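An overview of the molecular structure
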Amino acid sequence: MNPYDESAPASTTGLPAAGGRIVGGAADGEDQAVEAALRPKDLGEFIGQERVREQLDLVLRAARARGATADHVLLSGAPGLGKTTLSMIIAAEMGAPIRITSGPAIQHAGDLAAILSSLTEGEVLFLDEIHRMSRPAEEMLYMAMEDFRVDVVVGKGPGATAIPLELPPFTLVGATTRAGLLPPPLRDRFGFTGHMEFYAPAELERVVHRSARLLDVEIAADGAAEIAGRSRGTPRIANRLLRRVRDYAQVKADGVVTREVAAQALEVYEVDARGLDRLDRAVLGALLKLFGGGPVGLSTLAVAVGEERETVEEVAEPFLVREGLLACTPRGRVATPAAWAHLGLAPPQQGPGGPGQSALFGG
């Protein structure tokens, strides 16, 4: 399973679950159990994210040389790219314990005060989905990060008293899938900020080979390439697909994962050559066949595929836009020429939107 994972369950991501998609970035219970065994233990084992790894290595080496705790670290990026794994590596590299919690779990300042007051010197506090923390807790975190101190308010009304509580030096590692939602005062208190990029196919092949070794799966080079090419640039998805292909190979083949076996297995699971699943193809199919390629409004498109508006917008659209199959314009959603080609359909000479669509894509 993805050495690069987020351990937060899908319910903490703030996105619609979309029925537990095999190509979804959020981790379910099975993912978390397998990922725990496959996580790399240090930066040398971590595959991909070269720039973030290099920068983070300098930060940690310098902190160890000074005998100090590492600066607070903010990691941003899509689910499944390795933010939780990097937080555990930070703790391991610093020889410190790690405490794991999430923004949605901290709804009151008292919740955060209880966690901070129990930290030991040098401990790493990993706060997943930090942008979803409550405002009172967020304001308490400002002082804790900067001065290693919190003020605990005792009592109510005019008789309330603020008791200062000194904290041992600690390292906060915050992870977020939506860095833009972090208030500037919180973002500015992190000494190091790393943005996790989607993986290249070659990097995902290395992830698949590593995971196959740890899972004792016999896999050919072309089998790993086939899985990597359908993994949407996300190691967690690559590892999930590997497990499903492994099952297929054990039942339907001789247990060896080749390109043919991987392609047949992923066809069963409705993941096509570009990593699109049933929902993705339903959105594209409705856009092309029912609306001539658009433009069409999001709500209308959602009704056409029988899904909630939020599911189409938050779950299907980001990947389709990233793949260049769909464009979000002021007039609505519009299919690109690549979408017509991917579904094997011929685009009309001029969509029902008139000259606007032709001008957009040179039709």
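If you're wondering where the values come from, they're calculated on a predicted model, not measured in any experiment.

A few points about the packing of helix α4 (residues 109-117) against helix α5 (residues 135-147)
Relative orientation of the contacting elements α4 and α5 amounts to 35°, with a least axis distance of 8 Å. Contacts from Ala 109, Leu 112, Ala 113 and Leu 116 of α4 reach α5 at Pro 136, Ala 137, Met 140, Leu 141 and Ala 144. Of the residues in the contact of α4 with α5, the class split is nine nonpolar, no polar and no charged.

Observations concerning the confidence of the model for the protein chain
Of the residues in the protein chain, 85% reach a pLDDT of 70 or more, and the chain-wide mean stands at 82. In this model residues 1-19 is a low-confidence stretch, pLDDT under 50, and it forms 81 contacts with partners more than four residues away in sequence or in other chains. Contacts for the low-pLDDT stretch residues 351-363, under 50 throughout, to residues beyond four places or in other chains number 27 contacts.

A few points about the packing of aromatic side chains
All told, the structure shown has one aromatic pair when counted by the stated rule. With a centroid separation of 5.5 Å and 80° between ring planes, the pair formed by Phe 148 and Phe 170 is classed as edge-to-face. Taken together, the residues span a long stretch of sequence, with Phe 148 in the loop between α5 and β4 (149-154) and Phe 170 in the loop between β5 (161-166) and β6 (171-176) at a distance of 22 residues. According to the relative accessible area criterion, Phe 148 is partly exposed, its value standing at 21%. Here Phe 170 falls in the buried class, since its relative accessible area comes to 1%. The lysine or arginine in question, Arg 232, covers the ring of Phe 319, its NZ or CZ lying 3.8 Å from the ring centre. Over the ring of Phe 198 we find Arg 322; its NZ or CZ atom is 3.5 Å from the centre of that ring.

Focus on the packing of helix α7 (residues 201-214) against helix α8 (residues 221-229)
Relative orientation of the contacting elements α7 and α8 amounts to 120°, with a least axis distance of 8 Å. As far as their axial angle goes, α8 and α7 are oblique. Between α7 and α8 lies a crossing whose hand is right-handed. Mapping the contact onto sequence places Pro 201, Leu 204, Glu 205, Val 208 and His 209 in α7 and Ala 221, Ala 224, Ala 225, Ile 227 and Ala 228 in α8.

Concerning the pairing of strand β11 (residues 332-335)
Relative to β11, strand β10 (residues 326-329) runs antiparallel, the two sharing four bridges. Looking at the pairing, Thr 329 lines up with Gly 332 of β11. Here β10 folds back onto β11 in antiparallel fashion, the turn holding two residues.

Digging into helix α11 (residues 278-290)
The terminal C-alpha atoms of α11 lie 17 Å apart, and with 13 residues this matches the ideal 18 Å at 1.5 Å per residue to within 8%. Of all the positions in α11, only Leu 279, Asp 280, Val 283, Leu 284, Gly 285, Ala 286, Leu 287 and Leu 288 are classed as buried. On its buried face, α11 is in contact with α12 (298-305), α13 (309-322), β10, β11 and α14 (337-342). For α11, the side-chain oxygen to backbone nitrogen distance between the N-cap and Leu 279 is 3.2 Å, and the N-cap itself is Asp 277.

Points about unusual backbone geometry
Backbone geometry at Asp 216 places phi at a positive 60°, although glycine is not the residue there. Within the element layout of this structure, Asp 216 appears in the loop between α7 and β8 (218-219).

With respect to the environment of Ser 102
Residue placement: Ser 102 occurs in strand β2 (residues 98-102). Note on Ser 102: relative accessible area 13%, which makes it buried. For Ser 102 and Phe 126, which are 24 residues apart along the polypeptide, the C-alpha to C-alpha distance reads 7.7 Å. For Ser 102, the residues in contact, after removing those within four places along its chain, are Leu 127 and Asp 128.

Focus: the pairing of β6
For β6, the tally of buried residues reaches six of six residues, placing the bulk of the element in the interior. Burial of β6 is two-sided: the residues Thr 171, Val 173 and Ala 175 facing one way and the residues Leu 172, Gly 174 and Thr 176 facing the other way are all buried. Inspection of the sheet shows strand β1 (residues 73-76) paired to β6 by four bridges, in the parallel sense. In the strand pairing of β6, Leu 74 is matched with Gly 174. Examined bridge by bridge, strand β3 (residues 124-128) and β6 share four bridges and lie parallel to one another. From the neighbouring strand, Leu 125 faces β6, where its bridge partner is Leu 172.

Looking at the pattern of salt bridges
Counting across every chain of the model gives 17 salt bridges. For Glu 226, the salt bridge identified is with Arg 230, shortest N-O distance 2.6 Å. The burial state of Glu 226 is the same as that of Arg 230; both residues are buried. Of the charged contacts in the structure, one is a salt bridge between Asp 272 and Arg 281, with a shortest N-O distance of 3.6 Å.

Conventions we followed
- Residues numbered from 1 in each chain as written.
- Predicted model: local features only at pLDDT ≥ 70, side-chain atom pairs only at ≥ 80, totals over all residues.
- Heavy atoms only, no water.
- Axes fitted to C-alpha atoms, helices over the stretch in contact; angles between N-to-C directions.
- Helix = DSSP H or I, 4+ residues; strand = E, 2+ residues; numbered from the N terminus.
- Contact = heavy atoms within 4.5 Å.
- Nonpolar A, V, L, I, M, F, W, Y, C, P; charged D, E, K, R; others polar.
- pLDDT = per-residue confidence, 0-100.
- Phe/Tyr/Trp six-rings, centres within 6.5 Å; stacked < 30°, edge-to-face > 60°.
- Buried < 20%, exposed > 50% of the residue type's maximum accessible area, 1.4 Å probe, protein only.
- Lys NZ or Arg CZ within 6 Å of the ring centre and 35° of its normal.
- Parallel < 35°, antiparallel > 145°, perpendicular 65-115°, else oblique.
- Left-handed = near helix turned anticlockwise from the far one by under 90°.
- Pairing = 2+ DSSP bridges.
- Expected span 1.5 Å × (residues − 1).
- Polar contact = N/O pair within 3.5 Å; in protein donor to acceptor, adjacent residues only side chain to side chain.
- Salt bridge = Lys/Arg side-chain N within 4 Å of Asp/Glu carboxyl O.

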